[in-house]
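Chain residues, written in single-letter form:
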Amino acid sequence: MANIIVSGLINIETSCPVKCFPLEYFPIDYPFGKVKSCISGVGFNLISNLKKLGDNVTFISMIGDDLFGKLIISELKDKSFPIEHIYKNLSATPQSVILFDQSGKREIYCDLKDYQDVSLDFSLMQQKIEHSDVIVACNSNFNRPLLKVASRLNKIVATDVHVFSNVDDEYNRDFLEKADILFMSDEALKDRDIKDFIWEVYNRFHNRIIVVGCGSKGSLLFEAENKEFTEIPAVYTRPVVATSGAGDTLFSSFIHFYSKGIEAKKCLYYANIAASYKIGEAGSSIGFLDESGIFRLAKLN
């Protein structure tokens, strides 16, 4: 069982189906039983999947001392999730709204409140950091000091920069420089040669592993050790409902298997299966498979 630190966002998410994109004005609709609210956020999505897969997870995040913050703490306790390092230091708990259509396309509105302006003292977590196998540092401002601590302790750092297309991006520079394992989406790379872009990233930051999630086309892996690209095709496990949370599932599933010493290609193959299954359910933090479920589906694909 790997000891994994996840430091990132937790929020309240509301998802709602829409007829199509772009949206046309309509004064009111009644999608009975289809508007759902749950706890989500990248950090929470990651630990939810990692816990399902059986890892020992330390979760670091921030909430507000408000109704939604109390709801989050209550839900984390009910799920036996770690709350020791959930800090009530925001003015209000972040919220997001996700609209999704019948094809699974989604549009996300994320209100972070003052999440990007508040800092944490990571010396309070020194022992947990020292005993971790992997540190998953989401690309949030408050994680910049964590990157320095992880580097000093020679820990494996994994991060996902999500929709990314510019190696000179100042905001993500710290995360790009420190990441041993770097994930991103192809959503901002539609007009680019993805392999050429990965070379550009690697030549600048020298990451050990780079993965680009390519949605219905699968994912692309680059391994620095042998300078090798591997295309992992998408798999079909069940009908698509909504694609929100697919990237988080791909990322965290890869981390789970990689921390067990499995080769990167096989890790990403298993992660593709997990992500395919996850998008069969609306809500970014639900719809995960355990290890046995992934292995079972792997035999069928």
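The paragraphs below set out a description of the structure included in this document.

About the thresholds
Residues numbered from 1 in each chain as written. Predicted model: local features only at pLDDT ≥ 70, side-chain atom pairs only at ≥ 80, totals over all residues. Heavy atoms only, no water. Helix = DSSP H or I, 4+ residues; strand = E, 2+ residues; numbered from the N terminus. Rg over C-alpha atoms; globule rule 2.2 N^0.38 Å. Buried < 20%, exposed > 50% of the residue type's maximum accessible area, 1.4 Å probe, protein only. Contact = heavy atoms within 4.5 Å. Areas by Shrake-Rupley, 256 points an atom, 1.4 Å probe, with all protein chains shown as cover. Lys, Arg positive; Asp, Glu negative; His and termini not counted. Charge placed at Lys NZ, Arg CZ, Asp CG, Glu CD. Pairing = 2+ DSSP bridges. Salt bridge = Lys/Arg side-chain N within 4 Å of Asp/Glu carboxyl O. Axes fitted to C-alpha atoms, helices over the stretch in contact; angles between N-to-C directions. Parallel < 35°, antiparallel > 145°, perpendicular 65-115°, else oblique. Left-handed = near helix turned anticlockwise from the far one by under 90°. Nonpolar A, V, L, I, M, F, W, Y, C, P; charged D, E, K, R; others polar. Polar contact = N/O pair within 3.5 Å; in protein donor to acceptor, adjacent residues only side chain to side chain.

### Observations concerning the overall build of the protein
- In terms of helices and strands, the protein carries nine helices and 13 strands.
- For the protein, whose C-alpha radius of gyration is 19 Å, the value lies close to the compact-globule estimate of 19 Å for 301 residues.
- Evaluated residue by residue, the protein yields a buried proportion of 53% over its 301 residues.
- Contacts in the protein between residues at least 24 apart in sequence constitute 68% of all its contacts with a sequence separation of at least 6.
- Of the roughly 14200 Å² of accessible surface on the protein, 51% is carried by carbon and sulfur atoms.
- Averaging the locations of the 33 positively and 39 negatively charged side chains of the protein gives two centres separated by 4 Å.

### As for the environment of Ala150
- If you trace the backbone, Ala150 turns up in helix α4 (residues 144–152).
- Each C-alpha atom of the pair Ala150 and Leu300 lies 39 Å from the other, and the pair is 150 residues apart in sequence.
- Those residues within four positions of Ala150 in sequence are excluded, and the remaining contacts are Ile135, Lys155 and Val157.

### Structural notes on the pairing of strand β12 (residues 219–223)
- Where burial is concerned, most of β12 is hidden: five out of the five residues are buried.
- Side-chain alternation along β12 places Ser219, Leu221 and Glu223 on one buried face and Leu220 and Phe222 on a second face that is also buried.
- With five bridges connecting them, strand β11 (residues 209–213) and β12 associate as antiparallel partners. Considered in β12, the bridge of Ile210 is made with Phe222.
- Counting the residues between successive antiparallel strands, the hairpin from β11 to β12 contains five residues, one of them, Gly215, with a positive phi of roughly 60°.
- Where β12 hands over to strand β13 (residues 228–232), the hairpin turn is made up of four residues, of which Lys227 adopts a positive phi near 55°.

### Quick look at the pattern of salt bridges
- Applying the stated rule across the entire model yields 18 salt bridges.
- A salt bridge links Arg208 to Asp180; the nearest nitrogen and oxygen atoms lie 3.8 Å apart. In this pair, Arg208 sits in the loop between α6 (194–205) and β11 while Asp180 sits in the loop between α5 (173–178) and β10 (181–185), placing the two residues 28 residues apart along the sequence.
- Between Glu291 and Lys260 there is a salt bridge; the shortest N-O distance is 2.5 Å. Placement of Glu291 in helix α9 (residues 291–300) and of Lys260 in the loop between α7 (246–258) and α8 (264–278) is noted, with a sequence separation of 31 residues between them.
- On the basis of relative accessibility, which here comes to 18%, the residue Glu291 falls in the buried class.

### Considering unusual backbone geometry
- A cis amide bond links Phe21 to the next residue, Pro22, at an omega of -5°.
- Non-glycine residue His162 carries a positive phi angle of around 60°.
- Here His162 shows up in strand β9 (residues 156–163).
- His162 gets classed as partly exposed once you look at its relative accessible area, which sits at 25%.
- Look at His206: it is not a glycine, yet its phi comes out positive at around 60°.
- Mapping His206 onto the fold places it in the loop between α6 and β11.
- The exposed category is assigned to His206, whose relative accessible area is 53%.

### A closer look at the packing of helix α1 (residues 42–52) against α7
- With their axes 9 Å apart at the nearest point, α1 and α7 run at an angle of 45° to one another. Of the possible angle classes, the one that applies to α1 and α7 is oblique. Once α1 is placed against α7, the crossing between them reads as right-handed. For the pair α1 and α7, contact is made by Val42, Asn45, Leu46, Asn49 and Leu50 and by Asp248, Thr249, Phe251, Ser252, Ser253 and His256, respectively.
- Taken together, the residues of the contact of α1 with α7 break down into four nonpolar, six polar and one charged.

### Here we look at the packing of α8 against α9
- At a minimum axis distance of 9 Å, the contact between α8 and α9 shows a crossing angle of 100°. Here α8 lies roughly perpendicular to α9, going by the angle between them. Across the interface between the two elements, Tyr269, Tyr270, Ile273, Ala274 and Tyr277 from α8 touch Ile294, Phe295, Leu297 and Ala298 from α9.
- For the contact of α8 with α9, the residue count by class is nine nonpolar, no polar and no charged.

### Things to note about the side chain of Asp186
- Tracing the chain through its elements places Asp186 in the loop between β10 and α6.
- Judged by relative accessible area, which is 4%, Asp186 ranks as buried.
- Among the polar contacts listed, one links the side chain of Asp186 to the side chain of Lys190, at a separation of 3.3 Å.
- The contacts of Asp186, once residues within four sequence positions are left out, are Ile194, Val212, Gly213, Cys214 and Lys217.

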